[in-house]
Amino acid sequence: MSTPARALLLCALLGPASAAAAPCPALGEAAAALHAAAVQAPAAAAAPLAAAEAALACAPRIDAGPLAALFDAQAAYFTALDAPEEAELARSSAARLRDGGPEAPAEGPPPGALRLSPGGPLVQLNGEAVVADQPLQAGFYAVVIDGPAGRTAQLHALWPGEDLHITAAGAVEARATPAPVAPASPTPLAALPAPPPPRVEPAPAPLPPAPLARRPAPARPWFIAAGGAAAAAAVTASIARAQIGAAAGATAQADIDRARQVQLATGISSYALMATTGGLVVVGLRR
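Residues numbered from 1 in each chain as written. Predicted model: local features only at pLDDT ≥ 70, side-chain atom pairs only at ≥ 80, totals over all residues. Heavy atoms only, no water.

A. Here's a closer look at the overall build of the protein chain. Check the secondary structure of the protein chain and you find 7 helices and 8 strands. Across the 287 residues in the protein chain, those meeting the buried criterion constitute 32%. The long-range fraction of contacts in the protein chain, counting pairs at least 24 apart against all pairs at least 6 apart in sequence, stands at 59%. (Helix = DSSP H or I, 4+ residues; strand = E, 2+ residues; numbered from the N terminus. Buried < 20%, exposed > 50% of the residue type's maximum accessible area, 1.4 Å probe, protein only. Contact = heavy atoms within 4.5 Å.)

B. Here's a closer look at the pairing of strand S1 (residues 112-116). Relative to strand S4 (residues 135-136), S1 is paired through 2 bridges, and the arrangement is antiparallel. From the neighbouring strand, Ala113 faces S4, where its bridge partner is Pro135. Taken together, the 3 bridges between S1 and strand S7 (residues 162-166) define a ladder with parallel strand orientation. Residue Leu116 lies in a different strand from S7, and its bridge partner there is Ile166. (Pairing = 2+ DSSP bridges.)

C. Structural view of the nonpolar core. By size, the foremost hydrophobic cluster in this structure holds 36 residues, and its most contacted members are Leu27, Leu56, Leu67, Leu70, Phe71, Phe140 and Leu155. Taken together, the elements giving at least two residues each to this core come down to helix H2 (27-40), helix H3 (46-58), helix H4 (64-80), helix H5 (84-99), strand S5 (139-147) and strand S6 (150-158). Sort the elements by how many residues they give to this core and H4 lands first, with 8 residues. Sequence-distant contacts of Leu67, defined by excluding residues within four places in its chain, comprise Leu27, Leu56, Ile62, Leu97, Asn126 and Ala142. (Core = buried A, V, L, I, M, F, W, Y, C linked by side-chain atoms within 4.5 Å.)

D. Structural view of the packing of aromatic side chains. In total, this model carries 3 aromatic pairs according to the counting rule given. Judged by centre distance (6.4 Å) and plane angle (40°), the rings of Phe71 and Phe140 are tilted. Of this pair, Phe71 sits in helix H4 while Phe140 sits in strand S5, and the two are 69 residues apart along the sequence. In this structure Phe71 comes out as buried when scored by relative accessible area, which is 0%. Ring-pair connections join several aromatic residues into one group, and the members of that group are Phe71, Tyr77, Phe78 and Phe140. (Phe/Tyr/Trp six-rings, centres within 6.5 Å; stacked < 30°, edge-to-face > 60°.)

E. Spotlight on the sheet that holds S1. Spatial strand order, S4-S1-S7-S8: 4 strands in an open sheet with mixed pairing. For this open sheet the edge positions go to S4 and strand S8 (172-176), each flanked by a neighbour on one side alone.

F. Summary view of the confidence of the model for the protein chain. Across the protein chain, the average pLDDT comes to 76, with 60% of residues at 70 or higher. Averaged over each element, pLDDT in the protein chain is lowest for helix H1 (residues 3-13) (47) and highest for H4 (95). Segment residues 16-22: pLDDT under 50, and 10 contacts once partners within four positions in sequence are set aside and those in other chains are kept. (pLDDT = per-residue confidence, 0-100.)

G. Fine view of H5. Helix length check: H5 (16 residues) gives 22 Å between terminal C-alpha atoms against 22 Å at 1.5 Å per residue, within 8%. Those residues of H5 not exposed but buried are Glu86, Ala87, Leu89, Ala90, Ser93, Ala94, Arg96 and Leu97. Residue Gly100 follows H5 closely and has a positive phi angle near 100°. (Expected span 1.5 Å × (residues − 1).)

H. Region of interest: H4. Its 17 residues give H4 an end-to-end C-alpha distance of 24 Å, which sits within 8% of 24 Å, the value for a rise of 1.5 Å per residue. Turning to H4, its buried residues number three or more, namely Leu67, Ala68, Leu70, Phe71, Ala73, Gln74, Ala75, Tyr77 and Phe78. A positive phi of about 60° marks Asp82, the residue just after H4.

I. Main features of the packing of H2 against H3. Across the interface, H2 lies against H3 with an axial gap of 8 Å and an inter-helix angle of 160°. What the angle tells us is that H2 and H3 run roughly antiparallel. Here H2 runs over H3; the crossing is left-handed. For the pair formed by H2 and H3, the contact residues are Leu27, Ala30, Ala33, Leu34 and Ala37 on the first element and Pro48, Leu49, Ala51, Ala52, Ala55 and Leu56 on the second. Tallied by class, residues from the contact of H2 with H3 come to 11 nonpolar, no polar and no charged. (Axes fitted to C-alpha atoms, helices over the stretch in contact; angles between N-to-C directions. Parallel < 35°, antiparallel > 145°, perpendicular 65-115°, else oblique. Left-handed = near helix turned anticlockwise from the far one by under 90°. Nonpolar A, V, L, I, M, F, W, Y, C, P; charged D, E, K, R; others polar.)

J. Layout of unusual backbone geometry. Positioned with a positive phi, Asp82 is a non-glycine residue whose angle comes to about 60°. Residue placement: Asp82 occurs in the loop between H4 and H5. Here Asp82 falls in the exposed class, since its relative accessible area comes to 59%. Residue Asn126 is not a glycine yet carries a positive backbone phi of 55°. Position of Asn126 among the secondary structure elements: in the loop between strand S2 (122-125) and strand S3 (128-129). Since its relative accessible area comes to 16%, Asn126 is described here as buried.

Below is the structure:
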């Protein structure tokens, strides 16, 4: 069924109660009459619907059983009119009433809400008092309003994705549920620039090792003296050796005697210097 046809159908079926309805009929009788009309003569359903709304408006209380029977009668009527979506909506509404509450199964459509204008009239849905922003499942509702003009009642359909609004004047209308507004996230602060890396001063180049000061060799007078004595011993020894040749080549006895005296003196001196050299070396090694 097209959307305009659906709207015209619901306006005809769910309009306010007519003045011609009998005063305060029984809701169960009105439901049975609507069901009979749906099966036998759908065109004659307007009168049972008006009687049902009149019963809702004047009944001191609305029982779940007769109201569920009324929703079942609506389902039969919509089925006769080839409106399967409306029929299923009425059928699920009757099932919720029989189960004892307005809760919908977990796999059902997301709930809408009841929106009441501030200072508006007292409202009952399906015989229960309501509060503003109360969650509502999609389905048919018996809306009873106690306003300045008296008590009125009407049957109203609420589809998935709609909220039920009741104005301060008592008008009932369904509006699309506004999309939830995501909470504004705080604006992130601009990222501060990263601090520059600490400057690492290059390590000073290692200094070249200082040249070791050459320590002057300690003076060794004992060894120096020993060297001089050894040199003198060598000289005197060579002089003494030379006297052998001089004595052999001499022709006079006096030259021979002189050569022997020189040889003897230089030989003794040489041996004495050699002994001195040895002593100086021993003393120097012990120092």
